[in-house]
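Remarks on the overall topology
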Amino acid sequence: MQGGPQLQHRAITGFNPENIPFGASQATFIAPSNTGLGFLEAVSDADILALSDPDDKDNDGISGVPNWIELANFLTPKPNAITKNGKYIGRFGRKAGAYNLFNQTVNAYNQDMGIVSAYSPNDTYSKETLDPEISNAEIADVVHYLQTLKAPIQRTVESTQVKAGKELFVKNQCGACHTPSMKTANSNIQGLNNKTFAAYTDLLMHDMGKDLDDNYTEGSAKTFEWRTTPLWGLGLAKDSQGGKVHLMHDGRAKSIEEAILLHGGEAHKSRQKYVALSSKEKQELITFLESL
Ligand code: HEC
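Residues numbered from 1 in each chain as written. Predicted model: local features only at pLDDT ≥ 70, side-chain atom pairs only at ≥ 80, totals over all residues. Heavy atoms only, no water.

1. A look at the overall build of the protein chain
Here is the rule: Numbering goes from the N terminus for both helices and strands, where a helix is a DSSP run of H or I of at least four residues and a strand is a run of E of at least two. Radius of gyration here uses only the C-alpha atoms, and the compact-globule reference equals 2.2 Å multiplied by the residue count raised to the power 0.38. To sort residues, take the accessible area from a 1.4 Å probe on protein chains only and compare it with the maximum for the residue type: under 20% means buried, over 50% means exposed, and anything in between is partly exposed. For this analysis, residues touch if any pair of their heavy atoms sits within 4.5 Å. All accessibility values rest on the Shrake-Rupley procedure with a 1.4 Å probe; residue burial counts only the protein chains present in the view. In this tally, Asp and Glu contribute negative charge and Lys and Arg positive charge; neither His nor the terminal groups of the chain are included. Throughout, a charge is located at the NZ atom of Lys, the CZ atom of Arg, the CG atom of Asp or the CD atom of Glu.
From N to C terminus, the protein chain includes 9 helices and 7 strands. Taking 2.2 N^0.38 as the reference for a compact globule, 292 residues should give roughly 19 Å; the C-alpha atoms of the protein chain span a radius of gyration of 20 Å, in line with that estimate. Once the C-alpha set of the protein chain is aligned to its principal axes, its extents read approximately 60 × 45 × 40 Å. Evaluated residue by residue, the protein chain yields a buried proportion of 43% over its 292 residues. Sequence-distant contacts in the protein chain: of pairs separated by 6 or more residues, those separated by 24 or more amount to 60%. For the protein chain, the computed accessible surface area is about 15600 Å², with 52% contributed by carbon and sulfur atoms. In the protein chain, the 28 positive side-chain charges and the 34 negative ones have mean positions that sit 6 Å from each other.

2. A closer look at the side chain of D123
Note the cut-off: Within this document, salt bridges are pairs made up of a side-chain nitrogen of Lys or Arg and a carboxyl oxygen of Asp or Glu, the two lying within 4 Å of each other. In protein, a polar contact requires one atom able to donate a hydrogen and another able to accept it; more generally it is a pair of N or O atoms within 3.5 Å, and residues adjacent in sequence count only if both atoms are side-chain atoms.
Tracing the sequence through the fold places D123 in the loop between α3 (101-112) and α4 (136-148). Of the side chains bearing the opposite charge, K127 lies closest to the buried D123, which forms no salt bridge; the N-O distance is 7.6 Å. A polar contact is formed between the side chain of D123 and the backbone nitrogen of Y125, at a distance of 3.0 Å.

3. Focus on the coordination of the iron atom of the ligand
To keep things clear, this is the line we draw: Each metal's donors are the N, O and S atoms within 2.8 Å of it, or within 3.2 Å when it is Na, K or Ca, and because water is not part of the set, sites may look incomplete. By the criteria applied here, four donors are tetrahedral when all angles lie between 85 and 135 degrees, four are square planar and six octahedral when opposite donors are over 155 degrees apart and every other angle lies between 65 and 115, and any other arrangement is irregular.
With distances of 2.0 to 2.1 Å, the protein atoms coordinating the iron atom of the ligand are H178 (NE2) and H263 (NE2). Coordination at the iron atom of the ligand is octahedral: its 6 donor atoms span angles of 87 to 179 degrees at the metal. Linking H178 in the loop between α5 (160-171) and β4 (182-183) with H263 in the loop between α7 (256-261) and α8 (268-275), this pair joins segments that are 85 residues apart in sequence. Looking at H178, the relative accessible area reads 12%, which means it is buried.

4. Focus on the site of the ligand
Just so we agree on the cut-off: Residues are classed as near a molecule or strand on a simple rule: at least one heavy atom within 4 Å of it.
Around the ligand sit 23 residues, and of these C174, C177, H178, H249 and H263 come closest. A distance of 2.6 Å separates an oxygen atom of the ligand from a polar side-chain atom of H249. In this structure, H263 approaches the ligand through a side-chain N or O atom, which is 2.8 Å from a nitrogen atom.

5. Describing unusual backbone geometry
Residue A96 is not a glycine yet carries a positive backbone phi of 55 degrees. Positionally, A96 belongs in the loop between β3 (87-90) and α3.

6. Considerations on the domain arrangement of the protein chain
As a reminder, the rule being used: All domain edges in this entry derive from an automatic or database-based domain assignment. As used here, buried area is the combined drop in accessible area, with a 1.4 Å probe, of two parts when they are placed together.
Segmentation of the protein chain into domains returns domain 1 (37-148) and domain 2 (160-291). Computed from C-alpha atoms alone, the centre-to-centre distance between domain 1 and domain 2 is 21 Å. Across the boundary between the two partners, domain 1 contributes 31 residues, which contact 38 residues of domain 2. Each partner contributes to the roughly 2800 Å² buried at the junction of domain 1 and domain 2, and carbon and sulfur atoms together form 64% of this total. The three residues of domain 1 that bury the most area against domain 2 are F39, R94 and K95, which together make up 29% of that side's buried surface. Among the ionic pairs, K183 bridges to D47, the shortest N-O distance being 3.1 Å. Across the contact surface, domain 1 and domain 2 share 18 residue pairs in polar contact (both at pLDDT 80 or more). Sorting the residues of the side of domain 1 that touches domain 2 by element identifies α1 (37-41), α2 (45-51), β1 (67-69) and α4 as the ones contributing at least two each.

7. Topic: α3
Within α3 the residues assigned to the buried category are L101, F102, N103, T105, V106, A108, Y109 and N110. Tucked inside the fold, the buried residues of α3 contact α1 and α4. Following α3 by one or two positions, G114 has its phi on the positive side, about 70 degrees.

8. Section: the pattern of salt bridges
This structure, assessed with the given rule, holds 6 salt bridges. One salt bridge connects K163 with E158, and the closest N-O pair in it is separated by 3.1 Å. Residue classification places K163 among the partly exposed residues on the basis of a relative accessible area of 43%. Notably, a salt bridge pairs E284 with K280, separated by 3.2 Å at the nearest N-O pair. Of this pair, E284 and K280 both sit in helix α9 (residues 279-291), 4 residues apart, roughly one helical turn. Taking the relative accessible area as the measure of exposure, K280 reaches 59% and is therefore exposed.

Right, here's the structure in full:
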């Protein structure tokens, strides 16, 4: 890849920004929400793989594949890890390119913040090997913090509108990717040990069509494939995004409805089902999504 995974093209006064090489492909990403990630980390590979249907055997137009990634040398595979040709199942990041929260944290320090560690000592831009600017213990603390940040809890579960909306969510195939319920495997963090939770993601990659193709890849992910975004906390997003939502990987959708209408590829049929709903049904579905 030309230029590295992430460059900082703006800088504070007195420092030079990093130049983006001519011809390098450029994709925009907004930061995902960071709550409940410990649950996603504690799901077994077998459960993720069970949701995948690469040849669309059930003929619903939705396949879903894991992002098979190379394991960085500082990582240890999880117990019962499933591999394919020596590659492992990625699960964090918009393209599921990071193996676990430790991997994500090390990469984010290096690529998003330009802070090198013993695990990832090379500066992305200059390629120079530098002395660690953060200790391994500090990284471990941040990982533990992310693992134990509480998941958003659905509010108004009992309202009839929300219940009707949830039924429409399933009937319109939204749940075929945004899996309504998952469970964790064994975890040495008690709160994450064998728990059922509702993140509304299958952690798989889906072809989302050409409008969402932005020429960017990680691992085995194609440029038009994206990991299903968890929908828990969606109704709280406005408050954490400055009063207005910014949805999809690059934040281009300014409302939940706009986000749904951007669904193409494997999700095209589901989008069309949404479009065909009556305005009352649309409102029920949106009210359900806002309760998450
Ligand atoms: C084929 C799989 C698939 C289906 C079916 C699907 N989605 Fe998605 N959804 C995704 C993926 C993948 C993304 C992330 C796309 C991106 O970031 O560009 C996403 C993103 C979203 C987002 C934006 C979330 C955020 O925080 O940015 C919302 C809202 C959403 N979907 C709702 C729905 C609803 C409602 C339905 C049913 C009408 C639906 N989806 C059907 C895969 C699917």
